[in-house]
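Results of the structural survey
One-letter residues, chain by chain:
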Amino acid sequence: MTEEIIIAGFGGQGVLSMGKILAYSGVMQNQEVSWMPSYGPEMRGGTANVTVIISDERISSPIIHEFDTAIILNQQSLDKFENTVKPGGLLLFDPNGITRPPQRKDINIYSIEGAEEAAKMGNPKTFNMIVMGAYIKIRPIVKMENVQKGLEKSLPERHHKLIPMNLDAIQVGMDKVVKFAVN
Amino acid sequence: MGELKLMKGNEVIAEAAIRYGADGYFGYPITPQSEIMETLMAQKPWETTGMVVLQAESEVASINMLYGGAACGKRVMTSSSSPGLSLMLEGVSYLAGAELPCLLVNVVRGGPGLGTIQPSQADYFQATKGGGHGDYQIIVLAPASVQEMNDFVGLGFDLAFKYRIPSLILSDGVIGQMMEKVEVSDYKPRWTDEEIQKISGSWATTGKTKNRERHIATSLDLQAEKMEEHNHKLQAKYREIEKNEVRYEEFQTDDAEYLLVAYGSSARICQKSVTLLRQKGIKVGLLRPITVWPFPSQRIAELANQVKGMLAVEMSAGQMVMDVKLAVNGKIPVSHFGRYGGVVHSPGEVVEAFEKQFLGGK
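Residues numbered from 1 in each chain as written. Chains lettered and ligands numbered in written order. Predicted model: local features only at pLDDT ≥ 70, side-chain atom pairs only at ≥ 80, totals over all residues. Heavy atoms only, no water.

Moving on, we get to unusual backbone geometry. All names here are of chain B. Omega for the bond connecting Thr31 with Pro32 falls within 30 degrees of zero, at 5°, which places this linkage in the cis form. Topologically, Pro32 is positioned in the loop between strand S2 (24-27) and helix H2 (34-43). The amide bond that connects Trp293 to the next residue, Pro294, takes the cis arrangement and shows omega of 0°. Here Pro294 lies in the loop between strand S12 (291-293) and helix H11 (297-303). The backbone of Lys44 shows a phi angle near 50°, a positive value even though the residue is not glycine. Mapped onto the secondary structure, Lys44 falls in the loop between H2 and strand S3 (52-55). Judged by relative accessible area, Lys44 falls into the partly exposed class, the value being 38%. The phi angle at Asn329 is positive, at roughly 55°, despite the residue not being glycine. As for its position among the elements, Asn329 is in the loop between helix H12 (320-328) and strand S14 (334-337). By relative accessible area, which is 67% here, Asn329 ends up exposed. (Helix = DSSP H or I, 4+ residues; strand = E, 2+ residues; numbered from the N terminus. Buried < 20%, exposed > 50% of the residue type's maximum accessible area, 1.4 Å probe, protein only.)

For the rest of this paragraph, the subject is the pairing of strand S3 (residues 47-55) of chain A. Residue and element names in this part refer to chain A. Buried residues dominate S3, accounting for eight of its nine residues. Where strand S1 (residues 2-10) meets S3, nine bridges bridge the pair, whose relative direction is antiparallel. Residue pairing for S3: Glu4 is matched across the bridge by Ile53. (Pairing = 2+ DSSP bridges.)

Bringing the environment of Trp203(B) into the picture now. All names here are of chain B. One can find Trp203 in the loop between helix H8 (193-200) and helix H9 (224-244). Taking the C-alpha atoms as reference, Trp203 lies 47 Å from Val307; in sequence the two are 104 residues apart. Non-local contacts of Trp203, meaning those with residues more than four positions away in its chain, are made with Ala70, Ala71, Gly73, Leu100, Pro101, Phe161, Arg164 and His215. (Contact = heavy atoms within 4.5 Å.)

Quick look at the side chain of Ser60(A) now. Among the structural elements, Ser60(A) can be located in the loop between S3 and strand S4 (67-72). Taking relative accessible area as the criterion, Ser60(A) reaches 16% and is therefore assigned buried. With near-sequence residues (within four places) excluded, Ser60(A) lies in contact with Arg268(B), Gln271(B) and Lys272(B).

Next up on the list: the pairing of strand S2 (residues 32-37) of chain A. In terms of burial, S2(A) is a largely internal element, five of the six residues being buried. Looking at chain direction, S2(A) and S3(A) are connected through six bridges and run antiparallel. The residue bridging Met36(A) from the neighbouring strand is Thr51(A), located in S3(A). Looking at chain direction, S2(A) and strand S8 (residues 179-183) of chain B are connected through two bridges and run antiparallel. Across the sheet, Trp35(A) pairs through a bridge with Met179(B), a residue of S8(B).

Time to look at the packing of helix H5 (residues 144-154) of chain A against helix H6 (residues 163-176) of chain A. Each pair of packed helices can be described by the angle between their axes along with the distance between the axes. Residue and element names in this part refer to chain A. Look at H5 against H6: their axes get within 11 Å of each other, and the N-to-C directions meet at 140°. When the axes of H5 and H6 are compared, the pair comes out oblique. Once H5 is placed against H6, the crossing between them reads as right-handed. Touching Met144, Val147, Gln148, Leu151 and Glu152 of H5 are Ile163, Asn166, Leu167, Ile170 and Met174, all from H6. (Axes fitted to C-alpha atoms, helices over the stretch in contact; angles between N-to-C directions. Parallel < 35°, antiparallel > 145°, perpendicular 65-115°, else oblique. Left-handed = near helix turned anticlockwise from the far one by under 90°.)

So, in structure tokens, the structure goes:
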């Protein structure tokens with residue numbers, strides 16, 4: 001099994017940390033992982049993306065230009081990455097702020113109202129875990145027990161009290177993800 | 001068996017230095033390697049192992065602090081990225097001339113000039129062909145994974161002290177910024193004064209005792225004949241290193257009819273290109289120099305008897321390709337491909353370049 005993922009959105013949305021938690025979950029189940037951020041002169045509000053590869057085999061190139069999965073969190077990223085999803089692959093996006101929805105018919109498209117659900121939970125910072133939950137629901141590549149271990153490893157100890165809330169957010173994402181039909 | 005972590009290449013350099021028992025780090029921040037000093041500062045090793053971590057006022061100051069530390073027989077290091085390394089080169093030449101061991105790290109970014117902060121491999125000439133003035137070499141290790149960023153800190157220091165020479169880890173923005181699984185080394189204590197005396201007592205400035213001459217760490221000798229003699233000694237040492245310390249890795253070369261040659265992150269990309277080309281039935285292999293100085297010239301010369309052509313793939317306008325050509329010595333065609341200036345080539349682009357060069361592709 002090899003899963004090549006791009007996660008792209010605005011800086012500050014938790015794109016890089018979502019990637020890190022996914023990667024750590026892979027480490028926790030003894031898989032090979034790589035996490036390669038775009039590290040331009042970015043700041044909050046700018047675009048941010050990260051490539052995560054989780055595999056049973058040794059990973060060759062951490063730099064790839066087509067993906068099994070694209071997790072898209074803003075319009076610029078959708079414009080940039082929709083065409084990089086391999087045929088038959090997965091595109092997961094949050095429709096919030098999207099004015100030109102995805103068009104491809106040769107890939108599986110799902111949507112998750114991440115921003116809206118995070119607001120309902122009363123904490124906008126749960127956004128990235130809601131989206132990650134939606135992803136894991138569709139592609140159960142990492143087991144929940146390993147996601148929990150991944151959270152423990154990637155969050156500093158002083159933030160461990162936030163883990164239950166993050167797990168709740170993942171559950172919300174799993175419950176709320178829906179298939180998106182291209183017209 | 002060390003602890004398993006998920007870390008950035010830059011972070012693991014810092015972690016490995018503390019765990020190896022390094023005595024001092026002196027540096028000045030620059031993207032894309034600032035996490036090295038950030039991690040050291042966050043870890044506060046001066047409270048645990050006693051390692052000194054100092055942000056100097058400039059790169060020039062950092063490299064001269066290394067000179068002082070190294071002259072005392074201490075295990076000292078610095079890190080920077082391309083423009084910062086350029087500033088240090090005078091000091092590197094002095095360290096090489098005075099035969100002082102130390103560890104340098106260059107997380108290369110696009111140039112020339114201030115260039116960009118994105119990954120590049122365009123400092124190959126600077127690293128392997130002197131860079132600074134005079135006839136000198138330094139040992140250059142080229143990591144291709146976060147694990148090797150960990151491993152080469154120890155290896156770099158070990159080789160530096162074995163030969164009394166600066167070692168350089170020639171990394172780039174990809175390896176520095178990416179996170180991978182890494183087995184970090186176990187903690188080793190720093191050398192005691194007695195150990196330093198035992199290991200480097202014949203040359204280090206550890207304090208003159210009655211029964212020996214003063215030790216002077218210098219690269220200066222105004223008598224040309226003496227300087228030539230010193231140069232002979234340096235050259236003999238370099239030949240010795242070329243004989244003993246060449247390191248490389250081969251990937252699917254056994255039945256290869258063509259060869260890609262690539263180091264560092266470009267070698268990782270090329271591994272995927274080899275797989276893609278083999279899916280098309282083309283027998284391609286990869287040779288990855290792990291030491292780019294000393295360069296695996298002999299192995300490349302041997303492979304020139306086996307394959308029909310070689311493609312050197314590097315994120316530069318063509319630097320390592322010169323060493324490949326020297327090794328092949330005209331026997332078979334050698335070409336270069338690479339994106340540069342901060343652009344990283346994809347495995348697919350390498351495949352296209354290969355087909356165009358050797359199979360008459362588009």
